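# Coordinate analysis (summary)
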Amino acid sequence: MAEFPSGTVTFLFTDIEGSTQLWERYPEEMKLALANHDAILRESIAANHGHVIKTTGDGIHAVFATAVEAILAALVAQRHLESLVSNSPYPFELKVRMGLHTGEAELRAGDYYGPVLNRAARLMSVGHGGQILLSAVTAELARERLSADLSLLDLGEHRLKDLTQPEHIFQVLAPDLPKEFPALRSLDTLPNNLPFQVTSFIGREREIREANQLFQSTRLLTFIGPGGTGKTRLSLQVAAEQLSEFKDGVWLVELAALADPSLILQTIASMFNLRTQMGMPLQEIVFDYLRSKHLLLILDNCEHLVEECAYLVDQILRTSPRIKFIASSREALGIGGETVYRVPSLSAPNPVEVRREALEEFESVQLFVERAQAANPKFQLSDSNTSSVAQICSRLDGIPLALELAAARVAMFSAEQIATRLDDRFKLLTGGSRTALPRQQTLRALIDWSYDILSEEERALLRRLSVFVGGWTFEAAEAICPDLDILNLLTQLVNKSLVIVDEGAEATRYHLLETIRQYARDKLLETGEAKRIRDAHLNYFVKFSEETGPYMDTSEVLDWIPKLDAENDNIHAAFEWGLDHDVEACLQIVGSLAYYWFRRGQGAEGMVLANAAFERATRLPQAEDREAQRRQMIIRAKALQAASFLCYSQGDNINAYKIGNECIALARQLGDVQLLATALAFSGSARLFEGEVEAARSQIEEAVELCRNAGDKFGLGMAYGMMAQVEMMVNHDVQAAVKYEQQALELTTEISNTWTGLMMYFSTGRGAMFRGNYAMARERFAYCLPLFEEMKDEHRVNMIHSEFAHMDRFEGKLQQAEQAYRKTIRVWQKLGHRAAIAHQLECFAFLAKAHEEPERALQLLGAAEILREKINIHMQPPERAEYEREVRDLRAIMTELEFATLWAQGRALTMEQAIDLALSS
């Protein structure tokens, strides 16, 4: 908010001491006490020019422009609260601890962000009810400005629960407030062996909150996750948060360096200075010592000793009722009473995110930037490097160790150079701290640690799973690994945090973090089995693609489209492999997925793949036997029909009928009547839009005849729809066109009362619009719109919104039309439909002319013209008439030189620049 101070500010955190127990014993009284408490604090803060940011549990988080004002607010509040204690209307004393710390924090959307807030909260947490604690920087800022009756008591340096550098703490002394308090609840005064951390703990607020909640109701909390995700650091931080709850302390047992399971017990014994005794087993000595203790044990890095750890923990939990455990491992211990918390990677941005402000909100970016600044103090997150930093954080999966290794390279490389080298990340990400465990010094060594403790069959499955891109289903894994026990082995890899289960998906899917996938892929290449597994992956997705085809126009399509969406990356990876190893498989994918690509508005993408496959297919030798030759022809003909349809759907009519003619020739050779009729219908319609009237009429009429003779009602319905176009555009016979439209609609809805029938209904709406019957057109579009939305057909939804905008423009509702075009052109841009973009640039030009902006109109028309030339897509006849009229009017109001200059300026624009120009009004 605008009134909140920025820059260097002082934060006040407060908390009611023992509030959990008070709520349990006195729930009704605490409601009144808390309301009174809040009123006192808010009044004291406001009276000293502070601002309450939020309530935190049973406390307040406030901010002040100066340290002195913050201290005065705390004093006023404590005096009121002390008075309340002396005359308490409640059966308990309400004591509040307070902590103040000063520093710079980022103010964003009415809240503050940065490590200074965590420091203030940690400072407050070591105090006692009635105590006001200051950090050294706050004390220094306020010392000379405090009144004579106030003083600061030096409490010395203390380690706070963030485990980083100690804080020099001061207590505010006032004559009318208590002075004597127990020792601070810092790491220095409570028994523990938690290690000092040399780097700050970034993010993880949600994970800490969730883990603390889970810890209240369990005696064994196990953090699991892939290597490098920060399980150890999170374990230590959660343990530090719990320190004051354990009379006998919090103790870390580091297991990573142990190879002999028998040393686990010896390590615990040494930590508590327990000595072996004659005739008494060490286990009995340790168990006897722990039996009466109230403490927390942290078992760090259990994965290589998981069975031994499980046995030991189970025995201690059974014999020591006041002992709790936190364990970190790549798999759960698997004993009764265990609560498992899967540690996620740090939040990471979309790799194409380029806004610095948005990037700063992600934990992975915060970690990378802080560690990068440690390696190179000059490093800053800037507008020029945000894209590279986003790529680094995303491609490294938000794994803290990987990010720290990458940040260390900032001493040598720019962020852009690091991002471009991530394809060889195992060579790049080396050189970690010399004092770290060996596996934490390089990214490869980190994953070696996990890989080496797998069984040979688990390793084999992990290697083979690396061929999947974007995840996989259980059935897909079974298909490419028929020789392995997938049910058991995949479960083991999930349990060991190497495979991640995607939650929330309609069908369960699995995936590897990209870093682990690259590692496993390298191992697959080393074994020499990569070609066999890639071939199996390709074959599976050829069959999967063919299986989906029949569902694209059934009531089950809404179930299948998400399945195809989920496998999009896999299909591309399979296709890429097929181009070099099995081009016919690629042609099969094209022939199967054309209608899916069309439904998803990905026709341009589909044509890129189709063209690549056709280009490679020209190099294939002809099959030797007749049966194989026929199979080749069928595969190619189906792919050609699909490509012709995709061109037609994109408005690329010239290529639609050229490719269609090749398909027609093959269909005649094969004697495939249905394929021939479909190819003739689309080729004829494309020719019609290009003005080849006689050829168009001939092909469409032949399609009608073929379908009629074959009793193909569905094909006949499609052909009738195209005959309606002939009657309207060639013969100008409205009645005949309407008759064919109605017949087409009846046949397609009779056979396929789903998407195709809906498309035919939409087409009749377009026919009505071209005839000037806007009422009928609007009624039919309005009927189709919610159904296309339900089908999640973004292309058709945007098409309908575009048609509504066209009619608004025709009827003079220019502002309404322009508002719609502003949205639809961006969707066409996202979908890559350049023909639609060209037409909408023309529509924006017509609007500019209507708004008396002829210069802008001509630039937009020039930009539309060059775009049409690049994609070789012409206007449809109904569009051409309006276009020629508008251009003629513009030419009449300026000189030929002015006209030509402005037109040329438009032709010089890129498509993106032209869209920006269209939206600039």
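Each value, and the rule that gives it
- Residues numbered from 1 in each chain as written.
- Predicted model: local features only at pLDDT ≥ 70, side-chain atom pairs only at ≥ 80, totals over all residues.
- Heavy atoms only, no water.
- Helix = DSSP H or I, 4+ residues; strand = E, 2+ residues; numbered from the N terminus.
- Contact = heavy atoms within 4.5 Å.
- Lys, Arg positive; Asp, Glu negative; His and termini not counted.
- Charge placed at Lys NZ, Arg CZ, Asp CG, Glu CD.
- Pairing = 2+ DSSP bridges.
- Axes fitted to C-alpha atoms, helices over the stretch in contact; angles between N-to-C directions.
- pLDDT = per-residue confidence, 0-100.
- Core = buried A, V, L, I, M, F, W, Y, C linked by side-chain atoms within 4.5 Å.
- Buried < 20%, exposed > 50% of the residue type's maximum accessible area, 1.4 Å probe, protein only.
- Salt bridge = Lys/Arg side-chain N within 4 Å of Asp/Glu carboxyl O.
- Parallel < 35°, antiparallel > 145°, perpendicular 65-115°, else oblique.
- Left-handed = near helix turned anticlockwise from the far one by under 90°.
- Nonpolar A, V, L, I, M, F, W, Y, C, P; charged D, E, K, R; others polar.
- Phe/Tyr/Trp six-rings, centres within 6.5 Å; stacked < 30°, edge-to-face > 60°.
- Lys NZ or Arg CZ within 6 Å of the ring centre and 35° of its normal.
- Polar contact = N/O pair within 3.5 Å; in protein donor to acceptor, adjacent residues only side chain to side chain.
- Arc of directions from axis to C-beta.
- Disulfide = S-S within 2.5 Å.

### What to know about the overall build of the protein chain
Each helix and strand in the protein chain was counted, giving 41 helices and 16 strands. Sequence separation of at least 24 residues holds for 71% of the intrachain contacts in the protein chain that already meet a minimum separation of 6. Across the protein chain, the 94 positively charged side chains and the 127 negatively charged ones have centroids separated by 2 Å.

### Focus: the sheet that holds strand 7 (residues 132-135)
With mixed pairing, seven strands are arranged side by side in an open sheet as 2-3-1-4-7-9-8. Edge positions in the sheet fall to strand 2 (51-56) and strand 8 (151-158), since each of these pairs with one other strand and no more. Direction aside, the axes of adjacent strands within the sheet are offset by 25° on average. Of the pairings in the sheet, the one linking strand 8 to strand 9 (residues 167-173) comprises six bridges and is antiparallel in character. Paired with Asp154 across the strands is Phe170, a residue of strand 9. Sheet strands in contact with helix 3 (residues 67-86) are strand 1 (8-16), strand 3 (59-64), strand 4 (96-104), strand 7 and strand 9, and its direction is about 175° off that of strand 4.

### Focus on the confidence of the model for the protein chain
Scored by pLDDT, the protein chain comes out at a mean of 88, with 96% of its residues at no less than 70. Below pLDDT 50 for its whole length, residues 434-441 participates in 20 contacts with residues either more than four positions away or in separate chains.

### Examining the sheet that holds strand 12 (residues 295-300)
Strand order across the open sheet formed by five strands is 11-12-13-10-14, with parallel pairing between neighbours. If you trace the sheet from one side to the other, it starts and ends with strand 11 (250-254) and strand 14 (338-342), each paired once. Each strand axis lies, on average, 20° off the axis of its neighbour in the sheet, ignoring direction. By the bridge criterion, six bridges tie strand 12 to strand 13 (residues 323-329) in an arrangement that is parallel.

### Here's the deal with the nonpolar core
As a rule of thumb, nonpolar side chains are buried together in soluble globular proteins. In this structure, Phe368, Ile392, Leu465, Trp472, Phe788 and Leu841 are the most contacted members of the largest nonpolar core, which totals 199 residues. Discounting residues that sit within four places of it in the chain, Phe368 has contacts with Phe379, Val389, Ile392, Cys393, Leu403, Ala406, Ala407 and Val410. Counting 40 residues, the second-largest nonpolar core is a separate cluster that includes Ala62, Ala74, Leu152 and Ala174.

### Description of the pattern of salt bridges
With the rule as written, the count across this model stands at 57 salt bridges. Close ionic contact of Arg532 with Glu529 constitutes a salt bridge, the shortest N to O distance being 3.1 Å. The structure contains a network of salt bridges with shared partners spanning Glu456, Arg459, Arg463, Arg464, Asp483, Glu529 and Arg532.

### Here we look at the environment of Arg145
Looking at the secondary structure, you find Arg145 in the loop between helix 5 (136-142) and strand 8. The class for Arg145 is exposed, based on a relative accessible area of 56%. Residues Arg145 and Gly578 lie 433 residues apart in sequence; the distance between their C-alpha atoms is 76 Å.

### What about the packing of helix 12 (residues 363-375) against helix 13 (residues 386-395)?
For the pair helix 12 and helix 13, the least separation of the axes is 10 Å and the interaxial angle reads 110°. Here helix 13 runs roughly perpendicular to helix 12, going by the angle between their axes. Handedness of the helix 12/helix 13 crossing: right-handed. In contact with Ser364, Val365 and Phe368 of helix 12, helix 13 contributes Val389, Ile392 and Cys393. Among the residues making up the contact of helix 12 with helix 13, the classes are represented as five nonpolar, one polar and no charged.

### A few points about the packing of aromatic side chains
Across all of its chains, the model carries 27 aromatic pairs by this definition. Residues Tyr540 and Phe544 carry aromatic rings whose centres are separated by 6.3 Å and whose planes lie at 20° to one another, so their mutual orientation is stacked. Highlighted residues: Tyr540 and Phe544, both in helix 22 (residues 530-548), separated by four residues, approximately one helical turn. For the pair Tyr540 and Phe544, a shared accessibility class is recorded, and that class is buried. Within the aromatic cluster, the residues linked to one another by ring pairs are Phe468, Trp472, Tyr510, Tyr540, Phe541 and Phe544. Over the ring of Tyr761 we find Arg780; its NZ or CZ atom is 5.0 Å from the centre of that ring. Here Arg796 stacks its cationic end above the ring of Phe598, 3.9 Å away from the centre of that ring.

### Regarding the side chain of Glu567
Looking at where Glu567 falls in the secondary structure, it is placed in the loop between helix 23 (557-566) and helix 24 (568-581). A polar side-chain atom of Glu567 sits 2.7 Å from a polar atom in the side chain of Arg509. When neighbours within four sequence positions are excluded, Glu567 is seen to be in contact with Gly471, Thr473, Arg509, Phe541 and Phe544.

### Side note on the packing of helix 36 (residues 814-831) against helix 41 (residues 911-918)
The relative placement of two packed helices comes down to the angle between their axes together with the axis-to-axis distance. In the contact formed by helix 36 and helix 41, the axes pass within 11 Å of each other and the chain directions differ by 165°. Judged on the interaxial angle alone, helix 41 and helix 36 are roughly antiparallel. As for how helix 36 packs across helix 41, the hand of that crossing is left-handed. Where helix 36 approaches helix 41, its residues Ile825, Arg826 and Gln829 are matched on the opposing element by Glu912, Ile915 and Asp916. Considering only residue class, the contact of helix 36 with helix 41 consists of two nonpolar, one polar and three charged.

### Points about the environment of Ala696
Within the secondary structure, Ala696 is located in helix 30 (residues 693-710). We classify Ala696 as buried; its relative accessible area is 0%. Along the sequence, Ala696 and Phe682 sit 14 residues apart, while their C-alpha atoms lie 9.4 Å from each other. Apart from the residues lying within four places of it in its own chain, the contact partners of Ala696 are Gly684, Arg687 and Leu688.

### A closer look at unusual backbone geometry
Phi is positive for Ser497, close to 65°, though the residue is something other than glycine. Tracing the backbone through its elements, the reader meets Ser497 in the loop between helix 20 (486-495) and strand 15 (500-502). Here the phi dihedral of Glu852 falls at roughly 60°; this positive angle occurs in a residue that is not glycine.

### Describing helix 6 (residues 205-215)
Taken together, the buried positions of helix 6 are occupied by Glu207, Ile208, Ala211, Asn212 and Phe215. On an axial view of helix 6, the arc spanned by its buried residues comes to 130°, and they lie on one face.

### Regarding the pairing of strand 11
With four of five residues buried, strand 11 is to be regarded as a mostly interior element. With five bridges connecting them, strand 11 and strand 12 associate as parallel partners. Counted as the bridge partner of Trp251 is Leu297 from strand 12.

### Describing the pairing of strand 1
Of all nine residues in strand 1, eight are buried; the element is thus mostly enclosed. Taken together, the nine bridges between strand 1 and strand 4 define a ladder with antiparallel strand orientation. Looking across to strand 4, one finds that Asp15 is bridged to Arg97.

### Here's the deal with the state of the cysteines
A full pass over the atoms with the stated rule returns zero disulfides. Of all cysteine sulfurs, the one in Cys647 lies closest to Cys663, which takes part in no disulfide; the gap is 12 Å.

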